[in-house]
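So you can see what is in the structure, the chains are spelled out below.
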Amino acid sequence: MTQSSSARIVAVPGRVRVFSVVDDARPEPEVVGEHTDWGAASEAELSMGFARGDEACLQEVFRRLAPLIYTIAYRALDSSSDGEEITQDVFVSAWRARDNYQVEKGSLSGWLIGITRHRIADRQRARGRDLRLVQAVTNTSDVQVQPETLSTLIDRIVLTEEIGRLPHPRGSILQLAFWEGRSYPQIAEQLDLPLGTVKSHARRALRHLRTQLTEVTSWPT
Amino acid sequence: MAHLSPDRLADSALGIADPLTAAEKNHLASCAECRSELGELSRIVDLGRQPEHVTPQRVPTDAIWQSIQVQLASQATAPATTEPSAEPPPAPPTIAELPRRTPRLRSWFLVAAAAVLGLIIGAGITTVAVRDRVEVTSSTSLEPLPGQTGQGTAELLRDRGRPELRVQIDAPPRPDRYREVWLINTDGQRMYPLGVLPDDGRATYPLPPALASQLEGFNIVDVSIEPYDGDPAHSRESQVRGVLPA
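Residues numbered from 1 in each chain as written. Chains lettered and ligands numbered in written order. Predicted model: local features only at pLDDT ≥ 70, side-chain atom pairs only at ≥ 80, totals over all residues. Heavy atoms only, no water.

**Student:** Help me understand the overall build of chain A, please; the structure alone is not making it clear to me.
**Tutor:** Helix and strand counts for chain A stand at 9 helices and 0 strands. Each helix (α) and strand (β) of chain A, taken in turn from the N terminus, gives the series α-α-α-α-α-α-α-α-α. Looking at the 221 residues of chain A, the share that counts as buried comes to 49%. Here the contacts in chain A between residues at least 6 apart in sequence split such that 64% fall between residues at least 24 apart. A total of about 10500 Å² of accessible surface is found on chain A, and carbon and sulfur atoms cover 50% of it. (Helix = DSSP H or I, 4+ residues; strand = E, 2+ residues; numbered from the N terminus. Buried < 20%, exposed > 50% of the residue type's maximum accessible area, 1.4 Å probe, protein only. Contact = heavy atoms within 4.5 Å. Areas by Shrake-Rupley, 256 points an atom, 1.4 Å probe, with all protein chains shown as cover.)

**Student:** Can you help me understand unusual backbone geometry in this one?
**Tutor:** The phi torsion of most residues other than glycine is negative, and most of the peptide bonds are trans. Note that the residue after histidine 168 of chain A, namely proline 169 of chain A, is joined by a cis bond; omega there is 5 degrees. Despite not being glycine, aspartate 192 of chain A has its phi angle at roughly 55 degrees, a positive value. Taking relative accessible area as the criterion, aspartate 192 of chain A reaches 59% and is therefore assigned exposed. If you check the backbone angles, arginine 236 of chain B has positive phi at about 75 degrees while not being a glycine. Checked against the element boundaries, arginine 236 of chain B lands in the loop between strand S8 (220-227) and strand S9 (238-243). Taking relative accessible area as the criterion, arginine 236 of chain B reaches 4% and is therefore assigned buried.

**Student:** What exactly am I supposed to notice about the interface of chain A and chain B here?
**Tutor:** As a measure of interface size, the accessible area lost when the parts come together is often cited. Chain A puts 48 residues into the contact, and the matching count from chain B is 42 residues. A combined buried area of about 4400 Å² lies between chain A and chain B, and 62% of that area is made up of carbon and sulfur atoms. In terms of surface lost to chain B, no three residues of chain A exceed Gln88, Arg96 and Arg210 of chain A, which account for 16% of the buried area on that side. Seen at the junction of chain A and chain B, the total is 8 salt bridges. (Buried area = accessible area lost by both parts, 1.4 Å probe. Salt bridge = Lys/Arg side-chain N within 4 Å of Asp/Glu carboxyl O.)

**Student:** For this particular structure, what's the right way to read the pattern of salt bridges?
**Tutor:** Where side chains of opposite charge bring their charged atoms close, a pairing between them can arise. Residue and element names in this part refer to chain B. Tallied over the full model, the rule gives 23 salt bridges over all chains. A salt bridge links glutamate 237 to arginine 174; the nearest nitrogen and oxygen atoms lie 3.3 Å apart. In this pair, glutamate 237 sits in the loop between S8 and S9 while arginine 174 sits in the loop between strand S4 (162-169) and strand S5 (177-184), placing the two residues 63 residues apart along the sequence. Of the residues examined, glutamate 237 reaches a relative accessible area of 21% and is grouped as partly exposed.

**Student:** What should I look at first to understand helix H7 (residues 170-179) of chain A in this one?
**Tutor:** Along an α-helix, residues three or four positions apart point the same way, because every turn accommodates 3.6 residues. Residues and elements named next belong to chain A. Here H7 lies mainly inside the structure; 8 of its 10 residues are buried. Of all the residues in H7, the buried ones are Gly171, Ser172, Ile173, Leu174, Gln175, Leu176, Ala177 and Phe178. Just past H7, the residue glycine 181 takes up positive phi, approximately 65 degrees.

Set out below in structure tokens:
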């Protein structure tokens, strides 16, 4: 089996490219004018355009990150309407508060995820009040199963995105190991790579994930 | 001994390392830094095995983006840029958080922006007709929101002195949804649910007695599309809207 066909097995189509601060080796743009093609911009470029108040840049940031923000909110609140509302709210709030965003302090995606975390927590607290009200009215006191914490959920979604974005063969190796439960010798055989190489890629991929996760979740909240 | 190397920690978390030596175990037992790093790497491996995919195709980005634009535009649009009119348009509502019972409407600013731009046709019609003992004190046309279809009217009535709202809409609901009629305050903070709209699109609702003499700002007639989820809050999806004259 060839490498490319193996990669296709685990490739997930339609994945958006989200975090690119660390990976991007592209130089900073010398001049960013009104007609910059934001579709091809790195996140660092987008972050600066956003901070400067370029509305075309906001649209591109939205295009790239709205699916992630929506998915976090939708999964945390189990409601598509809450997911839509929070996504809208996050981008509107972020745009209005863009003066507070400092490029040097961290990634734009991390900043937006921080805002998302706050909005979801607010909504969850409000729901807690609703739930207590319902319980008071109906005189029930069912113990609620403690849901997955918001932080864990966000980490899982971010990690899934990152794993999906890892370049070949690193991405294929981690996807086969993590998502399909293959052993490293099996992966080495399937991808026709030496076992040592597979392990080395997995090791570096894990350390990369560690860095990226810190990057997007370390904003002070 | 020295700290465990990053590679050694990563290998251990991934389960691809040779077993830890006695010296390494001893170090881990005494070194909080290495323990913490190994713990975080192991947590990432654990979480990485429970993927949670983002599926952009399932995200209604177009609708959300449209709402964002309207919301941002509603602040940027100054009344001076619109045609001068005898009556000032209602002020755009604040974006303060609404209580849960009255969640902020996603498309709320569509109304505000439309009002500012003078796009709401039919508001301001004030007719007084007497049919039997029912008096129509004011009315508005109900216009579809972007992406929706349907037209209708809402009339404020007095039936033997009691305030009522009569609603007529020409479009049917979607098969797996029902519709609900609301009176929303122009402050963007409060709303009253008046009741379920039958599938034929015609109904008359009594208003809360406090609104008998004046609408107190509850001038916006909204017809929402509601899923059968048992959630009493507004779904944030509206079919038609209109504004009754203040």
